[in-house]
Amino acid sequence: MDSVLILVPKTIKAKHPSLASMKFIALCKQSNINFEIHTSNKIANTPPDTIFLSTLFTYNSKKYRNVINFYQQLYPTATWRIGGIFASLMPQYFITNFGIQPFIGLSNELDAYVPDFLELEKHEIVTDKLILYASRGCPRRCEFCCVHKIEGEFEPIRSILPIINNYKEQRDFSGLVLFDNNFTYHPYFNDIVNEIYESKLPVDFSQGLDNLVINEDQVKQLSKLSWGSQSQNGTNYIRFACDNWKQINGLERSLRLCKEHNIKANYFAYFLYNFN
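I will try to describe carefully the structure that is included in this document. What you see is a predicted model; the values in this text were computed from it and never measured.

### A look at the overall build of the protein chain
Counting its secondary structure elements, the protein chain contains 11 helices and 12 strands. Its C-alpha atoms put the protein chain at 60 × 45 × 30 Å along the principal axes. Within the span of the protein chain, comprising 276 residues, buried residues form 47% of the whole. Of all intrachain contacts in the protein chain linking residues separated by at least 6 positions in sequence, the fraction that spans at least 24 positions is 77%. Put simply, the protein chain shows about 14,200 Å² of open surface, and 49% of that area lies on carbon and sulfur atoms. Computed over 28 positive and 27 negative side-chain charges, the inter-centroid distance for the protein chain is 6 Å.

### Quick notes on the sheet that holds strand 8 (residues 175-178)
Strand order in the open sheet formed by 3 strands is 5-8-9, with parallel pairing between adjacent strands. Two strands bound the open sheet, and with one partner strand each, they are strand 5 (129-132) and strand 9 (203-205). This sheet shows a mean twist of 20° between the axes of neighbouring strands, independent of strand direction.

### A look at the sheet that holds strand 1 (residues 3-7)
With parallel pairing, the 4 strands of this open sheet are ordered in space as 2-1-3-4. At either end of the open sheet lies a strand with only one pairing partner, and these are strand 2 (34-38) and strand 4 (79-84). Pairwise comparison of adjacent strand axes, ignoring direction, gives a mean angle of 20° for this sheet. Packing against the sheet, helix 1 (residues 19-30) makes contact with strand 1, strand 2, strand 3 (50-55) and strand 4, and its axis sits at approximately 165° to strand 1. The strands touched by helix 2 (residues 61-74) within the sheet are strand 1, strand 2, strand 3 and strand 4, with strand 3 carrying the most contacts at an inclination of about 180°.

### Section: the pairing of strand 2
Where strand 1 lies against strand 2, 5 bridges are found, and the strand directions are parallel. In the strand pairing of strand 2, Ser 3 is matched with Asn 34. Read from strand 1 through helix 1 to strand 2, the crossover connection turns out right-handed.

### A look at unusual backbone geometry
Of note in this structure, Glu 124 is not a glycine but carries a positive phi near 60°. Considering the arrangement of structural elements, one finds Glu 124 in the loop between helix 6 (117-121) and strand 5. Positive phi is not limited to glycine here, since Asn 262 has a value of about 55°. The residue Asn 262 is located in the loop between helix 11 (248-260) and strand 12 (266-271) in this model. Overall, the relative accessible area of 46% leaves Asn 262 in the partly exposed class.

### Examining the packing of aromatic side chains
Working definition: an aromatic ring pair is given by the centre-to-centre distance plus the angle between the planes. For the coordinates displayed, the defined rule picks out 18 aromatic pairs. Here the aromatic rings of Tyr 167 and Phe 173 are separated by 6.3 Å at their centres, their planes lie at 50°, and the arrangement is tilted. A relative accessible area of 3% means that Tyr 167 is categorised as buried. By relative accessible area, Phe 173 is classed as buried at 10%. Geometrically, the ring pair formed by Phe 268 and Tyr 270 is edge-to-face, given 4.9 Å between the ring centres and 70° between the ring planes. Grouped by ring-pair contacts, the aromatic residues Tyr 64, Phe 86, Tyr 93, Phe 94 and Phe 98 constitute a single cluster. The ring of Tyr 188 has Arg 158 sitting right over it, with the charged end atom 4.2 Å from the ring centre.

### Looking at helix 9 (residues 189-199)
What sets the pattern is the α-helix's 3.6 residues per turn: residues three or four places apart point alike. Of all the residues in helix 9, the buried ones are Phe 189, Ile 192, Val 193, Glu 195, Ile 196 and Ser 199. Burial along helix 9 is one-sided: seen end-on, the buried residues are contained in an arc of 155°. Turning to helix 9, the residues buried within the fold contact helix 8 (161-168), strand 8, strand 9 and helix 10 (216-222). Remark: Lys 200 follows helix 9 within two positions and exhibits a positive phi of approximately 65°.

### Section: the pattern of salt bridges
Summed over all chains, the structure comprises 13 salt bridges. In this structure, Glu 260 engages Arg 256 in a salt bridge whose closest nitrogen and oxygen atoms are separated by 3.1 Å. Placement of both Glu 260 and Arg 256 in helix 11 is noted, with a separation of 4 residues, approximately one turn of the helix. What makes Glu 260 partly exposed here is its relative accessible area of 47%. With relative accessibility at 41%, the residue Arg 256 sits in the partly exposed group. What you see here is one network of salt bridges that share partners, running through Lys 23, Asp 111, Arg 136 and Glu 151.

What counts, and at which threshold
- Residues numbered from 1 in each chain as written.
- Predicted model: local features only at pLDDT ≥ 70, side-chain atom pairs only at ≥ 80, totals over all residues.
- Heavy atoms only, no water.
- Helix = DSSP H or I, 4+ residues; strand = E, 2+ residues; numbered from the N terminus.
- Buried < 20%, exposed > 50% of the residue type's maximum accessible area, 1.4 Å probe, protein only.
- Contact = heavy atoms within 4.5 Å.
- Areas by Shrake-Rupley, 256 points an atom, 1.4 Å probe, with all protein chains shown as cover.
- Lys, Arg positive; Asp, Glu negative; His and termini not counted.
- Charge placed at Lys NZ, Arg CZ, Asp CG, Glu CD.
- Pairing = 2+ DSSP bridges.
- Axes fitted to C-alpha atoms, helices over the stretch in contact; angles between N-to-C directions.
- Right-handed = clockwise from strand over helix to strand, strands pointing away.
- Phe/Tyr/Trp six-rings, centres within 6.5 Å; stacked < 30°, edge-to-face > 60°.
- Lys NZ or Arg CZ within 6 Å of the ring centre and 35° of its normal.
- Arc of directions from axis to C-beta.
- Salt bridge = Lys/Arg side-chain N within 4 Å of Asp/Glu carboxyl O.

Structure representation (C-alpha cells):
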C-alpha cells in the first residue's frame, strides 16, 4: 500500500467513532503509509491504490452503496479493503454489486493496534469515551445472534490496564465504554473490575450483562464502580440482556441484587421481541 484512502462516512450514524478505522489509521502511521481520511464523497488529494471501509449495520446498505459507487467510479483500479458487521454478515452483497470480496470476521492483526483517536478528531468525529474490549466473542451461540459469526470463539484478555494506559497517552477521557458481548462470563472478571476501579473512570458495559449467570459476588464487585454513559451528557446505566420471557425472573433477581448492594446507576434492559 503506497497511498490509502480511509472512508468514515458521516452519513452512517453511530454513537462512537469506528474502532476499526482508528486502528487502521494507527497501522498506517506505524507502517509509514500515506493516508487520507474522507468523511464525505469527494476527490482525493492523491489517487489511492487502496480504499479502506469498515461497515456497521445492514440497514445502512443504501448509504454504503452510494459511497462505494462514488469512489469506484473515481478510482476503478483501487484495491478495496472492506470489513465489519455488514460485510461479514452479507459478503455476497459486496461481491454481487461491486465485485469486492470483503474481509469476513475479526482481523487479529488489526485488532492488536491501539486506536488513534486524534486523526478523526481533526474531521470533527469526536468522543470523550475510552472504548475497548476486555474479551471478544461470546460463549453462547444464540440462534438470533451474529457475534459468533463475526468474532468467533470467546477470547478474554488477562488485563486491560496496558490498553487504558496506551489510550491515556493520547489524551484524557471522561469515561470508559466496554464493548464486550458477554463480560459476565469473563474468567478474570474480578481483576478487570479492579482495573476499571483503579482507572477512576466511570464505566458503561454497553452490550449488557448476562442476568442468567451473574452472581452476588460479581454484583458486590461492580458496586464499587462509578457508572457512566455511552455518550456525552447521556444517562448512566447498568445494562442487562433479557432475550426471552423465560429470563424475566433472572432479570428481577439481577435488579434486586443491584439494589441490595447499592449500585448507583439507572437500570436498562435489552429485550428481544418476537424471536420465539
